[in-house]
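Close look at the chain arrangement
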Amino acid sequence: MKRMLSGIKPTGQLHLGNYIGALRHFVENQEEYEMIAFIANLHCITVPQDPDELRKNLRDCVALYLACGLDPKKSTIFLQTDVMEHAQLGFIINCHTYLGELNRMTQFKDKQAKGEKNLSGGLYTYPALMAADILIYDADYVPVGEDQKQHVELCRDVAIRMNNRYGELFRVPEPAVPKVGARIMSLSDPSKKMSKSDTLGDKGCIYLLDPLPKARKKIMSAKTDSLGIVHFDPENQPGISNLMQILSSLTGESMDAIEKEFEGKGYGDFKKAVANAVCDTLEKIQTRYNEILESDIIDTTLREGAEKARAMASKKLDQVQRAIGMEIR
Ligand code: AMP
Ligand code: TRP
């Protein structure tokens, strides 16, 4: 069975972009692949965090993984820091990653370009830790949204470099980026990615735990255009195209089918259909989420997941350290 691995960094609450671009695919793929899904809590602290808020977000993230349908019997679900091998291989990978490569990472460059002050060394080198997360499990595929593709490509380059130098150490993974919904845009500014750090209040971002009326309101007030036709054209109609991507991802309808369905109808009807699809999805997730919070399934899942993951990770770390010549026993 091929292996898939992915992580989410809950630096805030999970949103619809995380669900459509990533989480949903973890769930779909757990039938066909051996799925490893972890909470990237080391990656979280690459930017400053409030400890109480972080603790809550981590718990919510596990609960949401489960509420979205990840099944601990089929998938390995754990907290990154419960498997310390990640950090250790992370340092080793860091030592095999060139500054030139890190300098090319657009996520870091964008933050720098925005003039954000006091960016940490951890944020700069985080793609090396992400590569370790992937390589330590010999993952075949990494389901991620568009913004993470470059990091998976860096991971491939470093894996190939280390394989050439030390012999076959790592499986070289491939990014699995969905055709529709890999980059859900902000509802209030469709030129920007939907993101936890949305600056325009939180009107542009639908959180998975938003009360349904609030989520509906955000969709109904999403920015559109004055053309008045439901047509997929991200360049000229970014707002409408974004809503179409959301609808298509959640209902499975093709863009053509959506265009036909709303031919001659106004944006109001179209937005209502998107809002219904979003609210249906959120309602199911939130019902499960509330049940999960009241049970002890989170702790059991993390404990059992970490045990399984640790067994795989410690073997790989040992193999790497031996190949490099770092062990004498
Ligand atoms: P992050 O929230 O940055 O930890 O991202 C977790 C996963 O969600 C990654 O695979 C991202 O690529 C994906 N993701 C984040 N934001 C979006 C978005 N606006 N549209 C689609 N996927 C996204
Ligand atoms: N860097 C990813 C993000 O910000 C999260 C992540 C950490 C990840 N390690 C990973 C994703 C390994 C895939 C595989 O979204």
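Residues numbered from 1 in each chain as written. Chains lettered and ligands numbered in written order. Predicted model: local features only at pLDDT ≥ 70, side-chain atom pairs only at ≥ 80, totals over all residues. Heavy atoms only, no water.

**Overview of the site of ligand 1**
Put simply, the test is: To be near a molecule or strand, a residue needs just one of its heavy atoms within 4 Å of it. Under the rule applied, a polar contact is a pair of N or O atoms within 3.5 Å (in protein, one hydrogen donor and one hydrogen acceptor; residues adjacent in sequence only if both atoms are side-chain atoms). Residue-level accessible areas treat just the shown protein chains as cover; the underlying method is Shrake-Rupley with a 1.4 Å probe. Counting from the N terminus, the helices are the DSSP runs of H or I reaching at least four residues and the strands are the DSSP runs of E reaching at least two. In this count, Pro and Cys sit with the nonpolar residues alongside Ala, Val, Leu, Ile, Met, Phe, Trp and Tyr, while Asp, Glu, Lys and Arg are called charged and the others, Gly among them, polar.
Looking at ligand 1, there are 18 residues lining it, with Gly145, Asp147, Ile184, Met194 and Lys196 nearest. Between an oxygen atom of ligand 1 and a main-chain N or O atom of Lys9, the distance comes to 2.9 Å. Interatomic distance of 2.8 Å between a backbone N/O atom of Ile184 and a nitrogen atom of ligand 1. Surface burial for ligand 1 is 95%, taken as the share of its 480 Å² of free accessible area covered by protein chains. Among the elements that line the shell around ligand 1, the one with the most residues is helix α1 (residues 16-29), at 4 residues. Partitioning the shell around ligand 1 into residue classes produces 6 nonpolar, 7 polar and 5 charged.

**Some words on the domain arrangement of the protein chain**
How we decide: Residue ranges assigned to the domains are those given by an automatic or database domain assignment. Residue contacts follow a heavy-atom distance rule, with two residues in contact if any of their heavy atoms lie within 4.5 Å. Accessible surface is computed with a 1.4 Å probe, and the buried area is the amount of it that two parts give up when combined, taken over both parts together. Each reported salt bridge corresponds to a side-chain nitrogen of Lys or Arg within 4 Å of a carboxyl oxygen of Asp or Glu.
Taken domain by domain, the protein chain comprises domain 1 (3-182 + 296-324) and domain 2 (212-290). With 13 residues of domain 1 at the interface, the matching set in domain 2 holds 11 residues. Taken over both partners, the interface formed by domain 1 and domain 2 buries close to 980 Å², and the fraction arising from carbon and sulfur atoms is 71%. For domain 1, the biggest contributors to the area lost against domain 2 are Leu16, Ala67 and Val180; these three give 43% of the whole. The interface formed by domain 1 and domain 2 contains 0 salt bridges. Inspection of the region where domain 1 meets domain 2 yields 3 residue pairs in polar contact (both at pLDDT 80 or more). Taken together, the elements giving at least two residues each to the side of domain 1 that touches domain 2 come down to α1 and α3 (51-67). A per-class count over the side of domain 1 that touches domain 2 returns 9 nonpolar, 1 polar and 3 charged.

**What about the pattern of salt bridges?**
Condition: For every residue, the accessible area obtained with a 1.4 Å probe (protein chains only) is divided by the maximum for its type, and the residue is called buried under 20%, exposed over 50%, and partly exposed between those limits.
By the definition in use, this model includes 16 salt bridges. One salt bridge in this structure joins Lys193 and Asp147, with 2.8 Å as the shortest N-O distance. Taken as a pair, Lys193 in the loop between β5 (174-176) and α10 (212-220) and Asp147 in the loop between β4 (141-143) and α9 (149-166) lie far apart in primary sequence, 46 residues in all. Given a relative accessible area of 29%, Lys193 falls into the partly exposed group.

**Section: the packing of helix α4 (residues 85-94) against helix α14 (residues 297-324)**
Our working definition: An axis is simply a line fitted to the C-alpha atoms; with a helix, the fit covers only the stretch in contact. Between two such axes, the angle follows the N-to-C directions and lies from 0 to 180 degrees. In what follows, roughly perpendicular refers to angles from 65 to 115 degrees, roughly parallel to angles under 35, roughly antiparallel to angles over 145, and oblique to any angle outside these ranges. Here a crossing is called left-handed whenever its near helix is offset anticlockwise from the far helix by less than a right angle, and right-handed whenever the offset is clockwise.
Contact geometry for α4 and α14: axes closest at 10 Å, N-to-C directions at 25°. Relative to α14, the element α4 is oriented roughly parallel. Between α4 and α14 the crossing geometry is left-handed. Contact residues: α4 offers Glu85, Gln88, Leu89 and Ile92, while α14 offers Arg310, Ala313, Ser314, Leu317, Val320, Gln321 and Ile324.

**A few points about the nonpolar core**
Applicable threshold: Within this scheme, the nonpolar core is defined by two criteria: the residues are buried Ala, Val, Leu, Ile, Met, Phe, Trp, Tyr or Cys, and they are joined through side-chain atoms within 4.5 Å.
Among the nonpolar cores identified, the biggest contains 60 residues, and Leu23, Phe26, Tyr65, Leu208, Ile246, Phe270 and Val278 are the most heavily contacted of them. For this core, the leading source of residues is helix α13 (residues 267-293), giving 10 residues. Counting contributing residues per domain, this core is built from domain 1 (3-182 + 296-324) and domain 2 (212-290), each supplying no fewer than three. Ignoring any residue separated from it by four or fewer positions in sequence, one finds Ile246 in contact with Leu16, Ile20, Ile184, Leu187, Val274 and Val278. Within the second largest apolar cluster, 39 residues are counted, among which are Phe108, Val142, Val152 and Val158.

**What about the environment of Asp210?**
With respect to the helices and strands, the residue Asp210 is situated in the loop between β5 and α10. We classify Asp210 as buried; its relative accessible area is 5%. Taking the C-alpha atoms as reference points, Asp210 and Asp157, 53 residues apart in sequence, are found 39 Å from one another. In contact with Asp210, not counting residues within four places along its chain, are Cys205, Ala215, Lys218, Leu282 and Gln286. Only 2.6 Å separates the side chain of Asp210 from the side chain of Lys218, close enough to count as a polar contact.

**Digging into the packing of helix α8 (residues 126-135) against α9**
At a minimum axis separation of 9 Å, α8 and α9 run at an interaxial angle of 70°. Taken together, the axes of α8 and α9 are roughly perpendicular relative to one another. Where α8 approaches α9, its residues Tyr126, Pro127, Met130, Ala131, Ile134 and Leu135 are matched on the opposing element by His151, Val152, Leu154, Cys155 and Ala159.

**Topic: the site of ligand 2**
Near ligand 2 you find 14 residues, and of these Lys9, Tyr126, Met130, Asp133 and Gln148 are the closest. Within the side chain of Lys9, one N or O atom sits 3.2 Å away from an oxygen atom of ligand 2. A distance of 2.7 Å is found between a nitrogen atom of ligand 2 and a side-chain nitrogen or oxygen belonging to Asp133. Alone, ligand 2 offers 370 Å² of accessible surface; in the complex the protein occludes 93% of this. Going through the elements one at a time, β1 (3-8) and α8 are the ones with two or more residues in the shell around ligand 2. Per element, the largest residue contribution to the shell around ligand 2 is 4 residues, and it comes from α8.

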